[in-house]
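Next come the chains, spelled out residue by residue.
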Amino acid sequence: MFHREQLKLYFICGTQDVKSGATIKDILKEALEAGITMFQFREKGEGALTGDVKRELALELQSLCQDYQVPFIVNDDVKLAQDIDADGIHVGQDDEDVSAFYRDFEDKIVGLSVGNFEEYDQSDLTHVNYIGVGPVYTTFSKPDAKMPGGVTRIRKMREYDTEIPIVAIGGIHEENIAPIIQQGADGVATISSITKSQNIKETVQRYLEQMK
């Protein structure tokens, strides 16, 4: 069952985001131990894993999340999410439409990326549990990222829809999240601030302290 509090610190990662000597499993385990509240397996881009190798890694990461009772979300790959019985699926505007698969995820978490009000208006949110809004700040984690909208976009989106859970994404780190939460986001999603952290435990703890 989905609770909006699970969006508080949403870690997103795939093997393409891990550049150091550590593995994605090492990084995720540290992040889970430190207190992240949701994890999304986003395996996309040059060199991304596919097929059985991707599935095997997904199962290993899912098992880690289960150990810490943290929801395990799959990005875009509906078939994989169904196959491994993931806790949910997150799709973008250019991915498979929610209407095509929501019946298979009725008891799961469904997230949708919404970059602006035009995308919001053209999206059927009937079966969507939360929306990912961004980029808030300039980000280099996604080469196809749109122009940042700043915290103003978060505030306006919250005013536009006062009820739907919102997780902010894009260029976010532990020192710039306070205004995002103040403007109405339920949580923040991050990739590089954790994958590139020299001390994941301290990074996660600073995030959580800023949200109090």
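As the structure is a computational prediction, the values presented were derived from the model and not from experiment.

A.B. asks: How would you summarise the pattern of salt bridges if you had to cite specific residues and measurements?
C.D. replies: On inspection of all chains with the given rule, the structure shows 13 salt bridges. Close ionic contact of Glu33 with Lys29 constitutes a salt bridge, the shortest N to O distance being 2.6 Å. Of the two residues, Glu33 and Lys29 are both situated in helix α1 (residues 24-34); the distance of four residues between them amounts to about one turn of the helix. Residue Asp85 pairs with Lys108 through a salt bridge whose shortest N-O separation is 2.5 Å. With Asp85 in the loop between α3 (78-83) and β4 (88-91) and Lys108 in the loop between β4 and β5 (109-114), the pair connects residues that are 23 residues apart, well separated along the chain. Judged by relative accessible area, which is 48%, Asp85 ranks as partly exposed. The network of salt bridges with common partners includes Glu174, Glu175, Glu202 and Arg206.

A.B. asks: Lay out the pairing of strand β1 (residues 9-13) in plain terms, naming residues and giving numbers.
C.D. replies: It is a general feature of regular strands that their side chains alternate between the two faces of the sheet. A large share of β1 lies buried, amounting to five of its five residues. The alternating pattern of β1 places Leu9, Phe11 and Cys13 and Tyr10 and Ile12 on opposite faces, both of which are buried. When β1 meets strand β8 (residues 187-190), the two strands line up parallel, connected through three bridges. Considered in β8, the bridge of Tyr10 is made with Ala189. Note that β1 and strand β2 (residues 38-41) share four bridges and pair parallel. By the bridge assignment for β2, Ile12 is matched with Gln40.

A.B. asks: Can you explain the sheet that holds β2? Please cite residues and give values.
C.D. replies: Across a sheet, strands are paired by hydrogen bonds formed along the backbone, either parallel or antiparallel in direction. An order of β1-β2-β3-β4-β5-β6-β7-β8 is seen for the eight strands of this closed barrel, with the pairing classed as parallel. Each adjacent strand pair in this sheet contributes to an overall mean axis angle of 25 degrees, direction not counted. Sheet contacts for α1: β1 and β2; angle to β1, the most-contacted strand, approximately 175 degrees. Strands in contact with helix α5 (residues 150-160) are β5, β6 (130-133) and β7 (166-169); relative to β6, the strand with the most contacts, it is inclined by about 155 degrees.

Cut-offs and rules
Residues numbered from 1 in each chain as written. Predicted model: local features only at pLDDT ≥ 70, side-chain atom pairs only at ≥ 80, totals over all residues. Heavy atoms only, no water. Salt bridge = Lys/Arg side-chain N within 4 Å of Asp/Glu carboxyl O. Helix = DSSP H or I, 4+ residues; strand = E, 2+ residues; numbered from the N terminus. Buried < 20%, exposed > 50% of the residue type's maximum accessible area, 1.4 Å probe, protein only. Pairing = 2+ DSSP bridges. Axes fitted to C-alpha atoms, helices over the stretch in contact; angles between N-to-C directions. Contact = heavy atoms within 4.5 Å.

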